[in-house]
Amino acid sequence: MIYFYDHTNLNRWNRGELQVRIDIPGKRLPLGYCDGTEEDEAELHDIAQNEDVENLPIAKKLLKTGRQIWTVGHPPVYEEEDED
């Protein structure tokens, strides 16, 4: 189950109750937290499909504590301004 970011879930992450933090590139706060199961990954894909995102990339980073950080989506692309 995905637990979206709020103060209570942040405290659960800090106490080690949740095993995965879900980040979005370019965002300061995490999307949420989960236990890292296949069902959690499927739920993220379902959320993405509901937002018309296909082929959601999930980059997984293993921490020394055994917990993980999943980064979902692509980094933001900024258009360069012409300097005329």
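Look a little higher up for the structure.
Only a predicted model underlies this, so the values are computations on that prediction, with no experimental measurement involved.

Asks: Can you walk me through the overall build of the protein in this structure?
Replies: A tally of regular secondary structure across the protein gives two helices and five strands. Of the regular secondary structure in the protein, the N- to C-terminal order runs β-α-β-β-α-β-β. The 84 residues of the protein split such that 25% are buried. Considering only residue pairs separated by 6 or more positions, the protein has 46% of its internal contacts joining residues 24 or more positions apart. Of the accessible surface of the protein, which amounts to about 6500 Å², a share of 46% is contributed by carbon and sulfur atoms. Separation of charge centres in the protein, based on 9 positive and 19 negative side chains, amounts to 15 Å.

Asks: Honestly, the sheet that holds strand 3 (residues 32-34) in this entry has me stumped. Any pointers?
Replies: Backbone hydrogen bonds hold the strands of a sheet together, and the pairing may be parallel or antiparallel. Spatial ordering of the open sheet is given by 1-3-2-5-4, a layout of five strands whose pairing is mixed. Of all the strands in the sheet, just strand 1 (3-4) and strand 4 (58-62) have a single pairing partner and so form its edges. Along the sheet, helix 2 (residues 38-50) contacts strand 1, strand 2 (20-23), strand 3, strand 4 and strand 5 (68-72); its crossing angle with strand 4, the most-contacted strand, is approximately 145°.

Asks: Explanation requested: the nonpolar core in the structure shown.
Replies: Among soluble globular proteins, nonpolar side chains are generally buried collectively. One finds Ile2, Val20, Ile22, Cys34, Leu44, Ala48, Leu56, Ile58, Trp70 and Val72 forming the largest nonpolar core, which totals ten residues. At the level of secondary structure, the elements contributing two or more residues to this core comprise strand 2, helix 2 and strand 5. When sequence neighbours within four positions are dropped, the list of residues in contact with Leu56 reads Leu44, His45, Ala48, Val72 and Gly73.

Asks: I would appreciate a short explanation of the packing of aromatic side chains in the present structure.
Replies: The geometry of an aromatic ring pair is captured by the separation of the ring centres together with the interplanar angle, meaning the angle of the planes. Inspection of the entire model under this criterion finds one aromatic pair. Stacked on the ring of Trp70, the Lys or Arg Lys60 has its end atom at 4.7 Å from the ring centre. Across from the ring centre of Trp13, 3.8 Å away, lies the NZ or CZ of Arg67, which sits over that ring.

Asks: What am I meant to see in the pattern of salt bridges here?
Replies: If the charged atoms of two oppositely charged side chains come close together, the side chains can form a pair. Tallied over the full model, the rule gives four salt bridges. The salt bridge partner of Glu17 is Arg12, with a shortest N-O separation of 3.3 Å. With a relative accessible area of 39%, Glu17 lands in the partly exposed category. Overlapping salt bridges bring together Arg12, Arg15 and Glu17 as one network.

Conventions adopted
Residues numbered from 1 in each chain as written. Predicted model: local features only at pLDDT ≥ 70, side-chain atom pairs only at ≥ 80, totals over all residues. Heavy atoms only, no water. Helix = DSSP H or I, 4+ residues; strand = E, 2+ residues; numbered from the N terminus. Buried < 20%, exposed > 50% of the residue type's maximum accessible area, 1.4 Å probe, protein only. Contact = heavy atoms within 4.5 Å. Areas by Shrake-Rupley, 256 points an atom, 1.4 Å probe, with all protein chains shown as cover. Lys, Arg positive; Asp, Glu negative; His and termini not counted. Charge placed at Lys NZ, Arg CZ, Asp CG, Glu CD. Pairing = 2+ DSSP bridges. Axes fitted to C-alpha atoms, helices over the stretch in contact; angles between N-to-C directions. Core = buried A, V, L, I, M, F, W, Y, C linked by side-chain atoms within 4.5 Å. Phe/Tyr/Trp six-rings, centres within 6.5 Å; stacked < 30°, edge-to-face > 60°. Lys NZ or Arg CZ within 6 Å of the ring centre and 35° of its normal. Salt bridge = Lys/Arg side-chain N within 4 Å of Asp/Glu carboxyl O.

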